[in-house]
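# Breakdown of the fold
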Amino acid sequence: MRRDYDVAVVGAGLVGAAIAYGLAKDGRRVCLLDEGDIALRASRANFALVWVQTKGHGYPPYAILTHRSASLWSSFAQEVEAETGVDLGFQQPGGFTFALSEEELEGRRRILDEVQAQPGVPDLGSRIVLRNELISLIPEAGPEVVGASYCAKDGHCNSPRLLLALHRGFGMRGGDLLTNRTVETITAGRDGFSILGEGEEIQAGKIVLAAGLGNIRLAPMVGLDAPLQPLKGQLIVTEKVRPFLHYPLVNLRQTDEGGVMIGSSMEDMGFDTSSVVPVVANMAKRAIRLFPLLAEANIVRSWAGLRIMTPDGFPLYEQSQEAPGAFLCNCHSGVTLAAAHAGDLAQAIGRGNLDGFGAFSGERLRVQAAQ
Amino acid sequence: MFKRLSEASGRVLSFTFDGQPLEGREGDSLAAALLAGGVGVFRTTVPSDASRGPYCLMGVCFDCLVEVDGVANRQACMIPLREGMCVTPQRRARQLGE
Amino acid sequence: MRRLGAVDELAATYDLAIVGAGPAGLSAAVTAGQFGLSVLLVDEKTAPGGQIYHGIAASPLKRGSILGPDYWSGAALVEGFAAADVDYLAGAMVWQLDQDRHLYIGADGKSRRIAAQAVILATGAQERPFPIEGWTRPGVMGVGAAQMLLKSSGLIAEGRVVLVGAGPLLWLFAAQMIAAGSPPSAILSTAATPSLGRLIPLLPSFLASAYARKGLSLVQRVRRASRLVSSVTDLRIETGESGLKIAYRAGGQAERIFEAEHVLLHQGVVPNLNLIRSAGCTIAWDDAQACWHPIADDWGASSVEGIAVAGDGAGIQGAETAARRGRLAALDAACRLGRIDGAARDRAGAEDIAAIGKDAKARRLLDVLYRPTAAFRMGSPKALVCRCEEVTGERIRQVVRETKAVGPNQLKTYLRCGMGPCQGRFCALTVNEIIAEERGISPGKIEPMRVRPPIKPITVAEFAALDL
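Residues numbered from 1 in each chain as written. Chains lettered and ligands numbered in written order. Predicted model: local features only at pLDDT ≥ 70, side-chain atom pairs only at ≥ 80, totals over all residues. Heavy atoms only, no water.

## What about the packing of helix α1 (residues 23–34) of chain C against helix α10 (residues 318–336) of chain C?
All names here are of chain C. Running from N to C, α1 and α10 cross one another at 35°; their axes reach a closest spacing of 7 Å. The handedness of the crossing between α1 and α10 comes out as right-handed. Residue-level contacts link Pro23, Ala24, Ser27, Ala28, Thr31 and Ala32 of α1 to Ala319, Ala322, Ala323, Gly326, Arg327, Ala330 and Leu331 of α10. Here the residues of the contact of α1 with α10 are counted per class, giving nine nonpolar, three polar and one charged. (Axes fitted to C-alpha atoms, helices over the stretch in contact; angles between N-to-C directions. Helix = DSSP H or I, 4+ residues; strand = E, 2+ residues; numbered from the N terminus. Left-handed = near helix turned anticlockwise from the far one by under 90°. Contact = heavy atoms within 4.5 Å. Nonpolar A, V, L, I, M, F, W, Y, C, P; charged D, E, K, R; others polar.)

Shown next as structure tokens:
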């Protein structure tokens, strides 16, 4: 069998691009397949947070993975920036989740404690910050804000530029980015995979499915199952304003370019990505309660994206038993986990076994489903 | 510079731009009154601080942005001139909460 | 016409909502009012007339020779509108229209949602982007922009004024400048010279039309009174010691330079599609006019049920056709809402449909004569294609080559072009053509840039205060 590539990565969003970038490092021949201009593209609608504070609540391996990736992010950013010349705008000043009532704050306290108390979870540096201290750090916080949960590992970056940098870096490392290449069929052969799309066939030794919700369709072709659901997230961005907010919040942050991003509703509306005004109006209301000075800012754009949710909300990394060499990679935190994806996960895929990622196989979901 | 044709009439309205007193006519958009008053640079851009003035005068280019009576980033071409307006150039990004 | 003072005075629902008070919107309102429909007309400007009849009800210029009879012919339309039984909200913006025909309308810092059974979008045209190096410098503006100053304020650019580009509006404005006693210092014409073989088949229809009668004498007048430089390419505008410097080549010869205080650019007009696209109406690439237009039938019905398009926003065809299309869309709305039957609609609209068809044939010659060359549609490498985010053409090309970006929506992620407050109005066409050229395919094969609500900025407070 002819072999065009050692590895083909399907999906050039943040997850696929980070893995492909990592795989291309060791001199492997790697291709990265992307869809057309109007694809679902969660990577265009993410919130650009490197976020730790309550990730993995109820599933310690996810808290540990998140912490590890957030810890690797700084050196990852340096490496990518040095290689590509793209400024990722990464900052890790710690992040906040504001509470607008004592009940909300109590809820935050409980979750922080529960996450930290899970076995094996390293010190996350998270704590509750009461209003007086919060106001000294963020004087613009509104009068209704009673306090916040804080985690020193939280940060954010410029995610569109991260995507550009990963695509550029991947190319500089010798990878082939193939756009407008929707994958139609994948056939597992004796020593690799034949991938057919848009009238072109590619042979690759390994295949990584990082196509987000597209994995629902692709996974069964290599004996895997991707039980994913779209979860709509709505976003707002304001005009550029002078810097006033030097910490990211879980649902509000100022980008390095000056715009204020406001997120992030949770709507279970299937594959509809249209922007819905009433939802946006509610987000605007809450944003003004968090930061009254935002009232006068102009909204230039609102849009929606689909988060990629597994049944329990945690990542799914799995190698096919039926077709070894085929890997499934799904998560909804492509920014936070980018450092781990480009590092540990790419190495594991390169090695051909997912040792160290066993907790994220689909086995847990099958067990849960059986119960 | 722009000159006003002699047949053009209309009540004179006074306003200020960057502290300088200017006069326009009733019926002018703010952008027209500023141009008539010899103002060429309305704003500077956020990315590079480059000078800009009106380009389209029909509300689509967003290059005539000014601050009007304390409200930032307003399209001068879409606002009718009013007596006593206090107008300043929009210098780069606005400051919230001023 | 009842002039509403604020969004609070809007009814919660209307039979028909019309967006835009140019010739299409005005004639639609007048027609619909005759059938007893409850009608709302919303417009961004403070007075009716649109761009073409901008300022007509209150122009400081006396009805006379400067603006010409075509401009003043709009007065009858505005007077008819004043007498019509319709609501009119001026100085207001429809910042979102959804497929259920909810209109989100903002004015003076307050927004409301209303519903309409039928909607006519008569959003008009804007000047085509003309991305040459230096087009963002103060002192450079559109010919249409300069004309707006003349119409509503009686202002005319003085000193050395150079008109650059091509298209009927450029000639018309030059004639108006001459009539106002301030002829342009020079006209740098970028019009290509199409082969006779392409023009000859189009000539009979053109010569039989008013375009020929009016246009040819207009061009004659302008040529007698001002300096014309033809076959201009390689344009660049710099800041000189006393004003602007325009560098250019004429007929492929060595670079020459003009100095001027004002440079007025024009490269034709294109439909203003942001609201039309935001509503989800399907658009198609029009290669003859090198721009997108919404897909619509003779009555203006778009791909979205209950939403019609009319006027130059539905495809560039001038003010007379715009008024006819407005009438047709209103007739169709009256039919859909049960006020007249299909036969009555067809009878009432037959003359307009025939006239529009005849006019379209006559205009084909103009489309060929004034179609901007590829070099001007895509701009020069150092020109800022995206004025808001300051992205040059060469940077766009470099990233398209590097990432093999398929379309403008992916490119937006990489470069932010189209993400500024103008929401792509001044870069989308250029980006589209650049990507198409890099990929070696027709611009029509590329997904157009998405439009995101609100189509123009509104404050967080205004959004938050919506009573839904």
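## Details of the sheet that holds strand β4 (residues 95–99) of chain A
All names here are of chain A. In spatial order, the strands read β4-β6-β5; together these three strands make up an open sheet with antiparallel pairing. If you trace the sheet from one side to the other, it starts and ends with β4 and β5 (126–130), each paired once. Each strand of the sheet is rotated relative to its neighbour by a mean of 25°, with strand direction disregarded. Strand direction decides the pairing type here: β5 and strand β6 (residues 147–151), joined by five bridges, are antiparallel. Residue Leu130 lies in a different strand from β6, and its bridge partner there is Gly147. (Pairing = 2+ DSSP bridges.)

## What to know about helix α14 (residues 408–415) of chain C
Most of α14 of chain C sits out of view: eight of its eight residues are buried. Buried residues along α14 of chain C sit against α5 (159–172) of chain A together with β23 (391–392), α13 (393–403) and α15 (428–439) of chain C. Note on α14 of chain C: the residue one or two positions beyond its end, Arg416 of chain C, has a positive phi of about 70°. (Buried < 20%, exposed > 50% of the residue type's maximum accessible area, 1.4 Å probe, protein only.)

## Considerations on the sheet that holds strand β12 (residues 186–189) of chain C
Two modes of strand pairing occur in sheets, parallel and antiparallel, and in both the strands are linked by backbone hydrogen bonds. All names here are of chain C. Strand order across the open sheet formed by five strands is β9-β17-β11-β12-β13, with parallel pairing between neighbours. Each of the sheet's edge strands pairs with one partner strand only, and the pair in question is β9 (140–142) and β13 (228–229). Strand direction decides the pairing type here: β12 and β13, joined by two bridges, are parallel. Bridged to Ile187 within β13 is Leu228. In the packing of helix α4 (residues 143–153) onto the sheet, the strands contacted are β9, β11 (161–166) and β17 (262–267), and the crossing angle to β9 comes to about 80°.

## Re the interface of chain B and chain C
Tallying the contact residues gives 35 residues for chain B and 43 residues for chain C. When chain B packs against chain C, close to 3,400 Å² is buried across both sides, 60% of that on carbon and sulfur atoms. Counting every contact that joins chain B to chain C gives one salt bridge. A salt bridge links Arg387 of chain C to Asp63 of chain B; its shortest N-O distance comes to 2.7 Å. Class assignment for the residues of the side of chain B that touches chain C results in 20 nonpolar, nine polar and six charged. In this sheet, strand β10 (residues 155–157) of chain C lies alongside strand β1 (residues 2–4) of chain B in antiparallel orientation, the contact comprising three bridges. (Buried area = accessible area lost by both parts, 1.4 Å probe. Salt bridge = Lys/Arg side-chain N within 4 Å of Asp/Glu carboxyl O.)

## Focus: the interface of chain C and chain A
Taken residue by residue, the interface counts 36 residues in chain C and 37 residues in chain A. Both faces considered, chain C and chain A share a buried interface measuring about 3,400 Å² in area, 57% of it formed by carbon and sulfur atoms. Inspection of the chain C/chain A interface yields three salt bridges. With a closest N to O distance of 2.7 Å, Lys240 of chain A and Glu389 of chain C form a salt bridge. In this assembly, chain C and chain A are joined by 15 residue pairs in polar contact (both at pLDDT 80 or more). (Polar contact = N/O pair within 3.5 Å; in protein donor to acceptor, adjacent residues only side chain to side chain.)

## Topic: the side chain of Thr190 of chain C
All names here are of chain C. Structurally, the position occupied by Thr190 is in the loop between β12 and α6 (196–199). Exposure remark for Thr190: the relative accessible area of 5% places this residue in the buried category. Here Gln267 takes part through its side chain, which lies 3.4 Å from a polar atom of the side chain of Thr190. The contacts of Thr190, once residues within four sequence positions are left out, are Phe130, Val164, Gly165, Ala166, Val232, Leu235, Gln267, Thr373 and Phe376.

## Points about unusual backbone geometry
Residues and elements named next belong to chain C. Of the consecutive residues Pro453 and Pro454, the connecting peptide bond is found in the cis state with omega at -5°. Considering the arrangement of structural elements, one finds Pro454 in the loop between α15 and β24 (458–459). Positioned with a positive phi, Ala290 is a non-glycine residue whose angle comes to about 50°. Position of Ala290 relative to the elements: it lies in the loop between β19 (283–286) and β20 (291–294). Looking at Ala290, the relative accessible area reads 0%, which means it is buried.

## Remarks on the pairing of strand β16 (residues 256–260) of chain C
Residue and element names in this part refer to chain C. In this sheet, β16 lies alongside strand β15 (residues 243–250) in antiparallel orientation, the contact comprising five bridges. Residue pairing for β16: Ile246 is matched across the bridge by Phe258. Hairpin connection of β15 to β16: five residues between the antiparallel strands, including Gly251 at a positive phi of 60°.

## Looking at the confidence of the model for chain C
Counting all residues, the mean pLDDT for chain C is 96, and 100% of those residues have values of 70 or more. Across the predicted assembly, pTM comes out at 0.96 and ipTM at 0.97. (pLDDT = per-residue confidence, 0-100.)

## Structural notes on the nonpolar core
By size, the foremost hydrophobic cluster in this structure holds 100 residues, and its most contacted members are Leu30 and Leu34 of chain B together with Leu163 of chain C. If one sorts the elements of this core by residue count, α10 of chain C sits on top with eight residues. Beyond its immediate chain neighbours, meaning those up to four positions away, Leu163 of chain C contacts Val143, Leu170, Phe173, Ala174, Met177, Pro184, Ala186, Ile187, Leu188 and Leu264 of chain C. Among the nonpolar cores identified, the runner-up in size contains 59 residues, and Tyr62, Ala63, Ala77 and Leu337 of chain A belong to it. (Core = buried A, V, L, I, M, F, W, Y, C linked by side-chain atoms within 4.5 Å.)

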